[in-house]
Structure formats: structure tokens, C-alpha cells
Amino acid sequence: MRTRLLCLPGPALLAGIALAAGAAVAQDYPNRPIRLIIPYGTGGITDITARIVAPRISDRLGQQVVVENRPGGAAIPGFDLVAKARPDGYIAVLATTALAANPILFRKLPYDAEKDFAPVSLVATAPTVLVVHPSIPAHSVKELIALAKSKPGALNYGSAGNGSDNHLTTEVFKNATGIDVLHIPYKGGGAAMTDLVGGQVAFVFGTIPSAHPYVSSGRLRALAVSSLKRNSSLPDVPTVSEAALPGFNLNAWLGIFVPAGTPANVIDRLHAATVTARQRPEVSERLISLGLEPVGSTPAQLGAHLKSEIARWAKLAREVKFEVVD
């Protein structure tokens, strides 16, 4: 009786099969809707930007890009959903600074920011704006600092959650000024702004798209923007650097990522569609009017940006006493 030997494919053959499968996936990509995960609630900068850009990406790809909000948990559940998803180009995440900063705020994360995601394109950057409720007796950054110092622990501030741009910017501001204020995290920037308008929190370093309508209507008072130069949508509002803290400079950013292992030609199609969408006059003009700066980088540029942001927040963590969660 003859014994049959089972010959398993070698590494080279397996790699060839994987490449062929990836090419087959990409040939007819996309042939169904694409999910764009927003790891925050509605009404914040991430949600607003996604709903401006997604329809134009859909136009270019010929398939609907469905914006799906997955708020809560400092954006970790939303990021983890994408990190563990099938890498076929049918799910992506519009990530924020939290992707780079969460490693300094949480000792354990279910994903690796650099290893589990593939970059597609940096969509936009934007400063935040320091806004206070009209009942707060502060009409400048220096007055707010003086008020907070006169009442340690009495003032509170809102954010879109731990690791959000609102949270991180305020913690750097706290460290630079020596003030003691209480952090109130929400499940998204929209909820934080709603409670600020309602007087439940004293101030927020809000993203300009979510804060601007309230500032222009007089329901909130803008004290300063967080960038080194003034923002064109709020030209009369000084920078924090001008008003009180020379050199203060922090900006939010938004970039599209897909799961690591997504075929390169699929990423290329997503990248081309995203850049084309960003270049549409109605899209760029809308983003600029909201205080954002449209970018449209290459995947490699976004990858380098994420790496530099992770290093920057790690350095800041050595200077600022961020609260770390187990």
C-alpha cells in the first residue's frame, strides 16, 4: 500500500496566492457600499467633515460611502472596529489626533496605531477655539486664567472624550497656565458644545466647525484660537499665543485610514477619490468657511504624519501630567 505525501504550499506560493487574491479584489473594487466609521457622535468636527467629503468620494467611486457614527470610549471602540475588520477596502475610519495620543492616555489598547492601520489621506487640519459661556466673567484668555486661579477646581471644561483634541489642548493649556479645572468628557464634540451653550460647563477648546455657529449667534464668547496664526473664519479672535502664552500652537487633524493589509491598489483608489473630493471647489470652500485647512496628502505622507504625532504626544506626556487610564 502506497503512502501519499501531502505537499503544503511554501511561503513563496502563499505570498503569490495572497497577491493574486488582492489583485482580484481590487479589479472590481468597489462593488458595494463602503462604511466610513466616525468614532464620535454627531455634530462634532469629525462628523461634519465626513458628511461634507463622503458624498464626493461616493461620486468618484460609483458606490455610496456610508457615514457610521460609533461614539464613546475615547474613540477606542471605533478604532478597534476598523483595526480588526476585513482588509478589503469596504471599511475605513476618519481618525483624529486621538489615534496618536491614546497610547499616552491608556496603558492598554486593543490595537496598535502604527501596525493595525494603513493610511489613505490626511483630509484637513484645524485649530480649536477657546469658547466660554456668556455667564463666565472672562472676556480674554488672561481673565479666564485669573478667574480659574481665584477659584481652584470650581470651573469645568467639556470635551469630545478622553484623547479628543478638546481634551488634549485643554490639558496642555492647564499645564502651561497652572490652573486647576475639572474635565467633563462627552461622547462627541456636539454634545460638549450643547452643554456649554446650556451652561453646564464653563468652557471648551471647541473645534471651529462646531463652535462657529454659536459664536456668530452670540450664544458663546470666543476668546482665542489654538494655532499660531489667526483663523480666517474668526479673523477678530486672537491666538492663545498672542493673548497670553507665546508659542502656544496646537491643531486638530483628520485623516482616513483602513485596516492594515488592505491591498495597495484599493488604497490607491480610495486615496485618489479622497483627494479628488477634497479638490472640489464646493468641498474646499465649505471646509475653509468652517475654519479647516483642506490637505489631501498621499498615504505615505499621512503615515509619516501619524508617526510624528505619536512622537510629539509622547514628548508632551513627559511634560504634561495627563491622567492615564488602566
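Note that the coordinates shown come from a computational prediction; the quantities given were computed from them, not determined experimentally.

**Q** Just checking my understanding: could you explain the overall build of the protein for this structure?
**A** Along its length, the protein carries 12 helices and 10 strands. Principal axes of the C-alpha set define a box for the protein whose edges measure 90 × 45 × 30 Å. The 326 residues of the protein split such that 54% are buried. Sequence separation of 24 or more characterises 78% of the internal contacts of the protein that already satisfy a separation of 6 or more. Counting 31 positive and 24 negative side-chain charges, the protein places the averaged centre of each group 3 Å from the other.

**Q** So what exactly am I meant to see when it comes to unusual backbone geometry here?
**A** Outside of glycine, negative phi angles account for most residues, and trans bonds account for most peptide bonds. Note the cis peptide between Tyr29 and Pro30, where omega equals -10 degrees. Summarising the element assignment, Pro30 is placed in the loop between helix H1 (11-27) and strand S1 (34-38). Even without being a glycine, Ala74 presents a positive backbone phi close to 55 degrees. On the secondary structure map, Ala74 appears in the loop between strand S2 (65-69) and helix H3 (76-83).

**Q** What exactly am I supposed to notice about helix H6 (residues 165-177) here?
**A** Each full turn of the α-helix corresponds to 3.6 residues, which orients residues three or four apart in the same direction. In a regular helix each residue adds 1.5 Å, so 13 residues correspond to 18 Å; H6 covers 18 Å between its end C-alpha atoms and thus fits that length. Taken across its 13 residues, H6 has 11 buried, putting it largely inside the fold. Listed in full, the buried residues belonging to H6 are Asp165, Asn166, His167, Leu168, Thr169, Thr170, Glu171, Val172, Phe173, Lys174 and Thr177. Looking one or two places after H6, you find Gly178, whose phi comes out positive at around 75 degrees.

**Q** What am I meant to see in the packing of aromatic side chains here?
**A** Aromatic ring pairs are reported here in terms of the distance separating the ring centres and the angle at which the planes meet. Following the criterion strictly, the structure yields 10 aromatic pairs and no others. When the centroid spacing of 5.9 Å and the interplanar angle of 75 degrees are considered together, the rings of Phe79 and Tyr111 count as edge-to-face. A residue pair is termed long-range when its members are at least 10 positions apart, and Phe79 in helix H3 and Tyr111 in the loop between helix H4 (98-105) and strand S4 (117-132) qualify at 32 residues. Like Tyr111, Phe79 is buried. An angle of 65 degrees between the planes, with centres 6.2 Å apart, marks the rings of Trp313 and Phe322 as edge-to-face. Of the two residues examined, Trp313 and Phe322, each falls in the buried class. Aromatic ring contacts, followed pair by pair, group Phe79, Tyr111, Phe117 and Phe257 into a single cluster. The ring of Tyr90 has Arg32 lying over it, and the distance from NZ or CZ to the ring centre is 3.7 Å.

**Q** I would appreciate a short explanation of the environment of Val225 in the present structure.
**A** With respect to the secondary-structure elements, Val225 resides in strand S8 (residues 221-225). Along the primary structure Val225 and Ser241 are separated by 16 residues, whereas in three dimensions their C-alpha atoms are 8.7 Å apart. Leave out the neighbours within four places in its chain, and Val225 touches Thr128, Val129, Ile208, Arg230, Asn231, Leu234, Val237, Pro238, Thr239 and Val240.

**Q** Help me understand helix H11 (residues 281-289) in this model?
**A** Of all the positions in H11, only Val283, Ser284 and Leu287 are classed as buried. Buried residues along H11 cover an arc of 90 degrees about the axis, so they all sit on one side. Looking at the packing, one finds that the buried side of H11 touches helix H2 (45-61), helix H10 (264-279) and strand S10 (293-294). Gly291 sits one or two residues past H11 and shows a positive phi near 95 degrees.

**Q** Would you take a moment to explain the confidence of the model for the protein for this structure?
**A** Summarising the model, the protein shows a mean pLDDT of 90, and 92% of its residues fall at 70 or more. Within the model, the stretch residues 1-6 combines pLDDT values under 50 with zero contacts to residues more than four positions away or in other chains.

**Q** Would you take a moment to explain the environment of Pro294 for this structure?
**A** Checked against the element boundaries, Pro294 lands in strand S10. The exposure class assigned to Pro294 is buried, which follows from its relative accessible area of 16%. A C-alpha to C-alpha distance of 31 Å links Pro294 and His139, two positions 155 residues apart in sequence. In contact with Pro294, not counting residues within four places along its chain, are Val123, Ala124, Arg278, Ser284, Leu287 and Ile288.

About the thresholds
Residues numbered from 1 in each chain as written. Predicted model: local features only at pLDDT ≥ 70, side-chain atom pairs only at ≥ 80, totals over all residues. Heavy atoms only, no water. Helix = DSSP H or I, 4+ residues; strand = E, 2+ residues; numbered from the N terminus. Buried < 20%, exposed > 50% of the residue type's maximum accessible area, 1.4 Å probe, protein only. Contact = heavy atoms within 4.5 Å. Lys, Arg positive; Asp, Glu negative; His and termini not counted. Charge placed at Lys NZ, Arg CZ, Asp CG, Glu CD. Expected span 1.5 Å × (residues − 1). Phe/Tyr/Trp six-rings, centres within 6.5 Å; stacked < 30°, edge-to-face > 60°. Lys NZ or Arg CZ within 6 Å of the ring centre and 35° of its normal. Arc of directions from axis to C-beta. pLDDT = per-residue confidence, 0-100.

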